[in-house]
Amino acid sequence: MTTATSIRQTSILGVGSYRPETLVSNAEIVDAIDSSDEWIQQRSGIKTRRWAAPHETIQLMSVQAANGALEQAGISADQIGCVIVATVSHMLQTPAVATAIAHELGTRQAAAFDISAACAGFCYGVAMGSDLVKAGSAEYALVIGVERLSDLTDLHDRGTAFIFADGAGA
């Protein structure tokens, strides 16, 4: 005999973001890549990008974005059951930056881990967070996508120098 069980539904309750202070125009990078503002805009649509200042760390940007998402969702950090951070620019393999973020936010014993999957990482994180909530392992999951790619980008590489930037979303 099979009994029907109800599957918990998930939804995004709040969104937060952090954009670094430093605005970098195409004009500031074209000489290093032998290019032009017009060339960059035609290929990417990009006119400006944000680069993090030294004090704008992966953790700082993540916490700011997370606070915005929590406020919009109307929940407190101690209700979070899991913190998932998607990033390839946290330069330490251990400890995971998610654990430091969970602690700074004031979560109570939330599971916390990083995903290193570049652009797709945030999508994987949202799917995992949803699955954790559906399974009942967490009431709420906080997913953060954060990059500080200005530290890793070759500013003389014409194929990538104009694309990558910094910031966080939660």
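Let us look at the structure shown here. If you're wondering where the values come from, they're calculated on a predicted model, not measured in any experiment.

**Examining the side chain of Ser35**
By the secondary structure assignment, Ser35 is in the loop between strand 2 (22-25) and helix 1 (37-44). Beyond its immediate stretch of four places on either side in the chain, Ser35 contacts Val30, Ile40 and Arg158.

**Concerning the pattern of salt bridges**
A side chain with one charge may pair with a side chain of the opposite charge, provided their charged atoms come close. Applying the stated criterion across every chain, the model contains three salt bridges. Ionic pairing is found between Arg148 and Asp151, a salt bridge with its closest N-O pair at 2.5 Å.

**Section: helix 2 (residues 58-73)**
Between the first and last C-alpha of helix 2 there are 22 Å, a value that for 16 residues agrees with the 22 Å anticipated at 1.5 Å per step. All buried positions along helix 2 are accounted for by Ile58, Met61, Ser62, Val63, Ala65, Ala66, Ala69 and Leu70. Taken together, the buried residues of helix 2 touch strand 1 (17-18), strand 4 (80-86), helix 3 (97-105), strand 6 (140-148) and strand 7 (166-169). Residue Gly74 follows helix 2 closely and has a positive phi angle near 75 degrees.

**Considerations on unusual backbone geometry**
Notably, Gln109 is not glycine yet its phi reads approximately 55 degrees, a positive angle. Tracing the chain through its elements places Gln109 in the loop between helix 3 and strand 5 (111-115). One non-glycine residue, Ala118, adopts positive backbone phi at about 50 degrees. Positionally, Ala118 belongs in the loop between strand 5 and helix 4 (121-135). A relative accessible area of 42% places Ala118 in the partly exposed class.

**Describing the side chain of Thr107**
Among the secondary structure elements, Thr107 is positioned in the loop between helix 3 and strand 5. In terms of polar contacts, Thr107 uses its side chain to reach the backbone carbonyl oxygen of Ala102, at 3.0 Å. Beyond its immediate stretch of four places on either side in the chain, Thr107 contacts Ala77, Asp78, Ile80, Val83 and Ala102.

**Notes on the sheet that holds strand 4**
Strand order in the open sheet formed by five strands is 1-7-6-4-5, and the pairing between neighbours is mixed. Only two strands of the sheet have a single partner each, and these edge strands are strand 1 and strand 5. Bridge analysis of strand 4 against strand 6 gives six bridges, and the strand direction is parallel. Paired with Ile80 across the two strands is Tyr140, which belongs to strand 6. Strands in contact with helix 2 are strand 1, strand 4, strand 6 and strand 7; relative to strand 6, the strand with the most contacts, it is inclined by about 140 degrees. Here helix 4 sits on the sheet and contacts strand 4, strand 5, strand 6 and strand 7; the angle it forms with strand 6, its principal contact strand, is near 170 degrees.

The rules we used
Residues numbered from 1 in each chain as written. Predicted model: local features only at pLDDT ≥ 70, side-chain atom pairs only at ≥ 80, totals over all residues. Heavy atoms only, no water. Helix = DSSP H or I, 4+ residues; strand = E, 2+ residues; numbered from the N terminus. Contact = heavy atoms within 4.5 Å. Salt bridge = Lys/Arg side-chain N within 4 Å of Asp/Glu carboxyl O. Expected span 1.5 Å × (residues − 1). Buried < 20%, exposed > 50% of the residue type's maximum accessible area, 1.4 Å probe, protein only. Polar contact = N/O pair within 3.5 Å; in protein donor to acceptor, adjacent residues only side chain to side chain. Pairing = 2+ DSSP bridges. Axes fitted to C-alpha atoms, helices over the stretch in contact; angles between N-to-C directions.

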